[in-house]
Amino acid sequence: MSRIKVKLGSSSKGPGNLARRLLFRNKAGAAVTSIDLSPAGSVSDPFLGDPGQGNPTWKTPDFQPCPNLEFPSDAQTHIQQSTDGPESLSSVTGKGRSYSSPLPRSVLDIIPRGNSDVFAPVPLVLQNLFDETLPRELKLQVFSALISLHEDEFQLWKSSGQWTASKASSPKYRWVGRDRGMRELVKLSRVSKAWRSLVFDGQLWVDVDLKAFPNLPTSFLLRLAETLGPFVKNMDLTGHTKLDHSTLGQVTTGLCVRSAPTIDFTYTQLLDLNLTGCNALTTQALHNLVIHSPFLRSLCVKGLNAVDNTTFDVLALCPHLTSLNMSRCSNINGGGLHRYANAVLGRHGQLALRELRLCGLEGIYDEVLGVLGRAAPSLEILDLSYSRSLHNSALEAFVTCTDEEKSTESVVLTAREAGRETRDNGRYRRRITKLRHLSLSNCKLLTDIACSNLAYALPRLELLELAGIGTAMKDEGLVRLLETTPHLRKLDLEDDTDITDAVLSALTPSPLAGSGSGSTQPLQTGQVLEHLVVSFAVSISNEAFLSLIRNCPRLRVLEADSTSISGTVLKEFVSQAHEQNVSDATLVAVDCRAVGEGSIKDVAAITRPRKGWRAWDARKLAYLDGRDKEELKVGQDECDEKRIVLKSFYNWQTVDVVQAARGRQRRNSRRAGNGSSDNLEDVVQTSGRLRWWSPSSGRYLPGASTPDGAVNREGCVVM
């Protein structure tokens, strides 16, 4: 048993000082207090007696002093060293005796000296609550919120005016909105393997829109296909020119799922697919993907050489296809379309197509469109532009309805209504189609007879494109068609030089139409007209233009370049658009000799030369944005949607002036303080003439002479 010998200390002060000296006069026989620290934790003291020799009267039989007392390792070391002699007591420190305790020393008073630095920071063990506590569903919600936050942030920038042209041109903001959120999401996959598993979870990649990232490596596409699998429903690979047949084959394999263990057929869950610009694909790879996508609803393969007539046969395996874009595919013709429609009719079925775009398709004859009209009664958008073989009779076959089609909605027309000779007593039954958008631009074999053939068959038509037909487009057939299309919103007649005021009169509704909020009058053609293109129609008068502008309440875009439009019409359109507070209103008056510089100056305060837009793709156009506050003192805000876009020769010159002013501003900023001139008149004074947009230029009247003696002409100047 180890004992610690502690001599009772004496004090020179206190009432018992003399008694203590007399009692402990003999130094050798001085009383010594012994504290016994046994392994069991008992304490031995002469004043309390020996615990081993019976219990005191004040103790219970079960009393054990300090039964659970444990000493630190350092204290046990010091106590063990005390057996070597009194000099070992120097390693143990204690406090003075308390008068309220019968013990001179307490075991709890022994404070061992520690070897650790008390100023060292305490190590903190942080728990990863995200990875260890949250369930996987909540983690996916957090990652999904990352994309939503980027979309909301971009919308907030646009609504609050923080999104500017200079900001959009910065490489830092090349990707914004959802595209930026997807980039940040992929970056998070580098954190850990657990996060990579979350980032490439299929629930976050239902829509794989990679149009903004055309240079993605092949390995990334393969990783997406392997990890996402059946979750992908929409995939847009527009512009991925490096996508070859082998990569697409592996992507198809990765996206496939097996219908049942006993069925050896795999399929994808794709609904929408866009492969525009993937020119390295082969026909076999494309067909392999289409065959394994039976639920496909939308397919865009515009301009691909891999598309041929056999592609139509493969598409017959996709009964849910509603949108098909095969424009500018040079290896297809009307024969493939004919087989496609006949295959469906042979099964006594119908095509689910609502949108069909076949721009530039050759070999479209009467039997082709006749079969298409019967096989696709739900067609709403049809694009046959630039089809050089399309004839008037083919369009008549498209809407002709036979007596066998009793369940088809149709209308019976007289010879006059059908555009035939008045001596003809026959009746003509036309199928009432659901077409809303019809594009027949640059079909050189068409005439206005085609419009007569379509009259009364397109009551829901909203967009009609007949540009580039030329002198073959006359008023009679076109007017007959326009009178039966009250929902028309856009009409494109560019390069149809022979149309006259009769066409604009057919588009101009009666002033009494729609008067009053509770009017029950039927809708008239022109009441919902928003966009009209009549460029190069030199026979249209200013009176017809004025009547159209004043009576079409929703007219927003008027393209009338190379016409006889005058400054009066220009001011009327700008005034109407400004009063109605129309957004992005546009008037094109390029090469209109009757529009002078004076008219342009009068409306300069509320117009702009170009329709600017804020995006990375518009950086090279260098639009002038008022939000940037460049303080060039020239030009007009091109990104203000409330300003009317006015395109003319004089407006276009301001674009060059702004570019010159920016160049001069950059040069002045580089050589600031060298005494160079900063007068913008040097910039805007070009060709010896002082332009009207100069900050200090004088306003010259028509016919007045400029400082160099030239005449300020009020007409178009050769560019």
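Scroll up to find the structure this text is about.
This text gives an overview of the structure that appears in the document. (Residues numbered from 1 in each chain as written. Predicted model: local features only at pLDDT ≥ 70, side-chain atom pairs only at ≥ 80, totals over all residues. Heavy atoms only, no water.)

A look at the overall build of the protein chain
Here is the rule: Counting from the N terminus, the helices are DSSP H or I runs at least four residues long and the strands are E runs at least two residues long. Only protein chains enter the calculation, and the probe is 1.4 Å; a residue is then buried if its accessible area is under 20% of its type maximum, exposed if over 50%, and partly exposed in between. Every residue pair with non-hydrogen atoms within 4.5 Å of one another is taken to be in contact. Accessible surface is estimated by sampling points in the Shrake-Rupley manner with a 1.4 Å probe; for residues, cover comes only from the protein chains shown.
Along the protein chain, the regular secondary structure elements total 22 helices and 23 strands. Here the protein chain, with 719 residues, has 44% of them falling under the buried criterion. Expressed as a percentage of contacts within the protein chain between residues at least 6 apart in sequence, the contacts between residues at least 24 apart total 71%. A total accessible area of about 38,400 Å² is found for the protein chain, and carbon and sulfur atoms account for 52% of it.

So, unusual backbone geometry
Peptide bonds are trans in most cases, and residues, glycine excluded, mostly fall at negative phi. Phi is positive for Asn-581, which is not a glycine, with a value near 55 degrees. Within the secondary structure, Asn-581 is located in the loop between helix H19 (567–579) and strand S19 (586–588).

A few points about empty space enclosed by the protein
Defined as follows: Both cavities and pockets are sets of points on a 1 Å grid over the protein atoms alone; in a cavity a 1.4 Å probe fits but cannot get out, in a pocket the set is open with protein on both sides within 12 Å along at least five of seven lines, and lining residues sit with an atom within 4 Å of a point. Grid points are joined across faces, edges and corners, and a volume is the space filled by probe spheres set on the points. Gly falls in the polar group here, along with every residue not listed as nonpolar (Ala, Val, Leu, Ile, Met, Phe, Trp, Tyr, Cys, Pro) or charged (Asp, Glu, Lys, Arg).
Evaluation of the coordinates by the stated rule reveals nine cavities of 30 Å³ or more. Taken together, Val-208, Leu-210, Leu-221, Leu-224, Ala-225, Leu-228, Val-232, Met-235, Leu-237, Leu-243, Val-251 and Leu-255 make up the full set of residues lining the largest cavity. Those elements giving two or more residues to the lining of the largest cavity turn out to be helix H8 (218–228) and helix H9 (245–255). Counting residues per element, the lining of the largest cavity draws most heavily on H8, which supplies four residues. In terms of residue class, the lining of the largest cavity is made up of 12 nonpolar, no polar and no charged.

Observations concerning the packing of helix H4 (residues 136–160) against helix H6 (residues 178–187)
Note the cut-off: Here an axis means a line fitted to C-alpha atoms, over the contact stretch when the element is a helix, while the angle between two N-to-C directions is reported on a 0 to 180 degree scale. Each helix crossing is assigned a hand: it is left-handed if the near helix lies turned anticlockwise from the far helix by less than a right angle, otherwise right-handed if that turn is clockwise.
In contact at an axis separation of 7 Å, H4 and H6 are set at 145 degrees when each is read in the N-to-C sense. For the crossing formed where H4 meets H6, the hand is right-handed. Along the contact surface, H4 presents Phe-143, Leu-146, Ile-147, His-150 and Glu-151, while H6 presents Arg-178, Arg-180, Gly-181, Met-182, Glu-184 and Leu-185. Residues of the contact of H4 with H6, tallied by class, amount to five nonpolar, two polar and four charged.

Observations concerning a nonpolar patch on the surface
Put simply, the rule reads: Only residues above 30% relative accessible area that lack a salt bridge enter a patch, with like-charged residues linked at up to 9 Å and the nonpolar side chains Val, Leu, Ile, Met, Phe, Trp and Tyr linked at up to 5 Å. For this analysis, a salt bridge means a side-chain nitrogen from Lys or Arg found within 4 Å of a carboxyl oxygen belonging to Asp or Glu.
Nonpolar side chains collect at one region of the surface, where Val-122, Leu-124 and Leu-126 lie side by side and expose about 420 Å² of accessible area between them. Summarising the element assignment, Val-122 is placed in the loop between helix H2 (73–81) and helix H3 (129–132). For Val-122, a relative accessible area of 66% gives the class exposed.

Let's talk about the packing of helix H13 (residues 366–375) against helix H14 (residues 392–399)
Under the convention used in this document: Roughly parallel covers angles under 35 degrees, roughly antiparallel covers those over 145, roughly perpendicular covers 65 to 115, and oblique covers all other angles.
Two elements in contact, H13 and H14, have axes whose closest approach is 7 Å; the angle formed by their N-to-C orientations is 20 degrees. Classed by the angle they form, the pair H13 and H14 counts as roughly parallel. Here H13 runs over H14; the crossing is right-handed. Seen from H13, the contacting residues are Asp-366, Leu-369, Gly-370, Leu-372 and Gly-373; seen from H14, they are Ser-393, Ala-394, Leu-395, Ala-397 and Phe-398.

Details of the side chain of Ser-439
Heads up, the condition is: By the criterion applied in these results, polar contacts are pairs of N or O atoms within 3.5 Å in which, for protein atoms, one can donate a hydrogen and the other can accept it, and in which residues neighboring in sequence qualify only through two side-chain atoms.
Along the chain, the position of Ser-439 falls in strand S14 (residues 437–439). Ser-439 gets classed as buried once you look at its relative accessible area, which sits at 4%. In this structure the side chain of Ser-439 is engaged in a polar contact, spanning 3.3 Å, whose partner is the side chain of Asp-383. Ignoring any residue separated from it by four or fewer positions in sequence, one finds Ser-439 in contact with Leu-382, Asp-383, Leu-384, Ser-385 and Glu-465.

Considering H14
At 3.6 residues per turn, the α-helix brings residues three or four places apart onto the same side. We apply this condition: Comment: arc refers to directions from the helix axis out to C-beta atoms.
By the burial criterion, the buried members of H14 are Asn-392, Ala-394, Leu-395, Phe-398 and Val-399. The arc that holds every buried residue of H14, seen down its axis, measures 165 degrees, which confines them to one face. Each element contacted by the buried residues of H14 is listed here: H13, strand S11 (381–383), strand S13 (428–431) and helix H15 (448–454).

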